[in-house]
There are 2 protein chains.
Amino acid sequence: MVQLIHNFFMVTMMTTDVAADFDLKTYLTTKCAEVEAALEQSLPVVYPETIYESMRYSLMAGGKRLRPILCLATCELVGGTVAQAMPTACALEMIHTMSLIHDDLPAMDNDDYRRGKLTNHKIYGDDVAILAGDALLAYAFEFVADRTQNVPPKAILEVIRRLGKAVGAAGLVGGQIVDLASEGKTDTSIETLNFIHMHKTAALLEVSVVAGAVLAEAESETIERLSRYAQNIGLAFQIVDDVLDITSTQEELGKSIGKDVQAQKATYPSIWGLDESKKQAETLVQAAKDELAPFGTLKQPLVAIADFITARTH
Amino acid sequence: MVQLIHNFFMVTMMTTDVAADFDLKTYLTTKCAEVEAALEQSLPVVYPETIYESMRYSLMAGGKRLRPILCLATCELVGGTVAQAMPTACALEMIHTMSLIHDDLPAMDNDDYRRGKLTNHKIYGDDVAILAGDALLAYAFEFVADRTQNVPPKAILEVIRRLGKAVGAAGLVGGQIVDLASEGKTDTSIETLNFIHMHKTAALLEVSVVAGAVLAEAESETIERLSRYAQNIGLAFQIVDDVLDITSTQEELGKSIGKDVQAQKATYPSIWGLDESKKQAETLVQAAKDELAPFGTLKQPLVAIADFITARTH
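Overview of the structure. (Residues numbered from 1 in each chain as written. Chains lettered and ligands numbered in written order. Predicted model: local features only at pLDDT ≥ 70, side-chain atom pairs only at ≥ 80, totals over all residues.)

## Examining the overall build of chain A
Then, in step 1: For chain A, the helix and strand inventory stands at 16 helices and two strands.
Then, in step 2: The burial tally for chain A puts 56% of its 314 residues in the buried class.
Then, in step 3: Taking all contacts inside chain A whose residues are at least 6 apart in sequence as the whole, residues at least 24 apart take part in 70%. (Helix = DSSP H or I, 4+ residues; strand = E, 2+ residues; numbered from the N terminus. Buried ≥ 20, exposed ≤ 12 C-beta atoms within 10 Å, placed from the backbone. Contact = placed C-beta atoms within 7 Å.)

Put into structure tokens, the structure is as follows:
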């Protein structure tokens, strides 16, 4: 967490898009603490304790809380409040956590470490890990429906519709399926790689951004603009992830590295090389920031987050 | 399907609770066909085809469609229409199918057959089966939010809240966790066994019944009455399932039998014996039917379904 804020702070120092008086470090510290507190309260441990402990083990394992923060930032950007968006912000992290738990299973990527800790199934077993993922996914929808206040029910339903689409076969799962089918293939096209990551990574980032705007009842033109912002940073995020998989050390990244190479997966660096990959990520980040042009000073967190994606080292 | 309708028809002949002029066979044929048609249309196969085919393989694998039919019947009972309840009815079957796919995985019950066909992971592999379950669960919520028409948004949100609770740690998954923890134990209490099945089986049946009533904006007293009806038939359903696991043949049941004994699972027959188990199931079915006393002739399907639970042979 401290390291993360330090990195964000360094990015602020480097970028010229964010006004000098905007304190990104304070913004992120505040928002991250609010999300952690909301997540902490979202899931009390009751009987049968094992399932709640397993869900909490992964949900409270830290991480950047990027999706919740994007949701809160966008809601405020278009005139809403943190309170209106917080249940959805928590739900996004529950869904993201579910996807990580299931992705790490032996039947999937078979990862032993995640965020520097043993993966869920290494602690609780494959059966409990499968169920913890299912329960987090179901709870995400329940949580949005149950806890969202001062938002018209129609807007809450629209958020639920978009969340479902972003995580299902038309989103994250669809990307994972194509990813699985591409393993060991040496001829994966850039179109297929884009499909994988537009769905596996960008879809959930996109709904994080868009849901915040939907909750604050933004105009459809604004929603489309923010959707393009999110898709661009989503793809950039994945390109940088691929780059980091090659250039980082396990200690820095907090998870097993070099997995892509081991699994003979096509990556952006394997198609474009490292330098071109970095350049493409920068182009996408610039395009993302261009979408934010019409907005006022409240766009600063979204600009800084876009910059952070290409500047991060882990 | 034909065998199922035959069984239902036989039950109609045996029971005295249902008026002689109520044609259960026609009712079930009609409702089941409507559900099948709606499910058929709910999930077109698009790119990436594998995930949609895997989802459809299990979703369209037949079965009793008990949950959707309960939902439609209850919605009509309290003055709603089939059209209002159909998206939720489909979602219930998607959720039920998800739970079966994940339950059959090698990391869980490790079942090779379900409804007389190879289980999902035997056809598509464990990874795709995990993802197909995830996608069905997410799609269920999307489907309710997206497709439900002529119902106040607040009522749709209440259905989503209840669906999430019924399938998550406070419902189905919670029951499965206690079930897993009880395997191989010889001292499982009747309270623990009731907890398992009130959550693993009855919770989803309960929300099937209650969601139909919520969509038709039933009074809270009516919803509570229908909730008790559903919990009683849910527990009775499981007791009869345990009995059938011992007394049926694989051909009749369409799935591997004797699994409970092999897994050293506590069952109602293992605690109460076969005769007492059957008697308890009958008592629960009678209690369920008693809850329906205030309703008019539209209660007939619910009465007949309650009777069917104790009379069925598979």
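Okay, back to it.
## Points about the packing of helix 11 (residues 220–247) of chain A against helix 16 (residues 300–311) of chain A
All names here are of chain A.
Then, in step 1: Between helix 11 and helix 16, whose axes approach to 8 Å, the crossing angle comes to 25 degrees. The pairing of helix 11 with helix 16 is recorded here as roughly parallel in orientation. For the pair helix 11 and helix 16, the sense of crossing is left-handed. Counting all contacts with helix 11, which are made through Tyr229, Ile233, Ala236, Phe237 and Val240, the residues of helix 16 involved are Leu302, Ala306, Ile309 and Thr310. (Axes fitted to C-alpha atoms, helices over the stretch in contact; angles between N-to-C directions. Parallel < 35°, antiparallel > 145°, perpendicular 65-115°, else oblique. Left-handed = near helix turned anticlockwise from the far one by under 90°.)

## Focus: the relation of the copies chain A and chain B
Then, in step 1: Mapping chain A onto chain B is achieved by rotating through 180 degrees and translating by 0.0 Å along the same axis, at an RMSD of 0.0 Å. Here the symmetry operator amounts to a two-fold rotation axis. Judged by C-alpha distance, Pro153 of chain A is the residue of chain A that lies nearest the rotation axis, at 2.8 Å. (Least-squares fit on C-alpha atoms with pLDDT ≥ 70 in both.)

## Observations regarding the interface of chain A and chain B
Then, in step 1: Counting residues at the interface gives 41 residues for chain A and 41 residues for chain B.
Then, in step 2: Across the side of chain A that touches chain B, the residue classes break down as 27 nonpolar, six polar and eight charged. (Nonpolar A, V, L, I, M, F, W, Y, C, P; charged D, E, K, R; others polar.)

## Examining the nonpolar core
Then, in step 1: Membership of the largest hydrophobic core comes to 202 residues, with the highest contact counts inside it found for Ala140, Ile160 and Leu163 of chain A together with Ala140, Ile160 and Leu163 of chain B.
Then, in step 2: Beyond its immediate stretch of four places on either side in the chain, Ala140 of chain B contacts Ala91, Met94, Ile95 and Leu163 of chain B. (Core = buried A, V, L, I, M, F, W, Y, C linked by C-beta atoms within 7 Å.)

## Examining unusual backbone geometry
Residues and elements named next belong to chain A.
Then, in step 1: Cis geometry is found at the peptide bond from Tyr47 to Pro48, where omega equals -5 degrees.
Then, in step 2: By the secondary structure assignment, Pro48 is in the loop between helix 2 (24–42) and helix 3 (49–59).
Then, in step 3: With a phi angle near 50 degrees, Arg115 is a residue other than glycine that sits in the positive phi range.

## A word on the packing of helix 8 (residues 153–167) of chain A against helix 8 (residues 153–167) of chain B
Then, in step 1: The contact between helix 8 of chain A and helix 8 of chain B brings their axes to 8 Å, and the two run at 40 degrees. When the axes of helix 8 of chain A and helix 8 of chain B are compared, the pair comes out oblique. In the crossing of helix 8 of chain A with helix 8 of chain B, the sense of the turn from one axis to the other is left-handed. Residues Pro153, Lys154, Ile156, Leu157 and Ile160 of chain A of helix 8 of chain A pack against Pro153, Lys154, Ile156, Leu157 and Ile160 of chain B of helix 8 of chain B.

## Re the environment of His96 of chain A
All names here are of chain A.
Then, in step 1: Tracing the backbone shows His96 in helix 5 (residues 82–104).
Then, in step 2: According to the C-beta neighbour criterion, His96 is buried, with 24 such atoms within 10 Å.
Then, in step 3: For the pair His96 and Asp146, spaced 50 residues apart in sequence, the C-alpha to C-alpha distance is 19 Å.
Then, in step 4: Non-local contacts of His96, meaning those with residues more than four positions away in its chain, are made with Arg67 and Leu204.

## Side note on the environment of Thr267 of chain B
Then, in step 1: In this fold, Thr267 of chain B is placed in the loop between helix 13 (259–262) and helix 14 (268–272).
Then, in step 2: With 28 residues separating them along the chain, Thr267 of chain B and Ile239 of chain B place their C-alpha atoms 7.9 Å apart.

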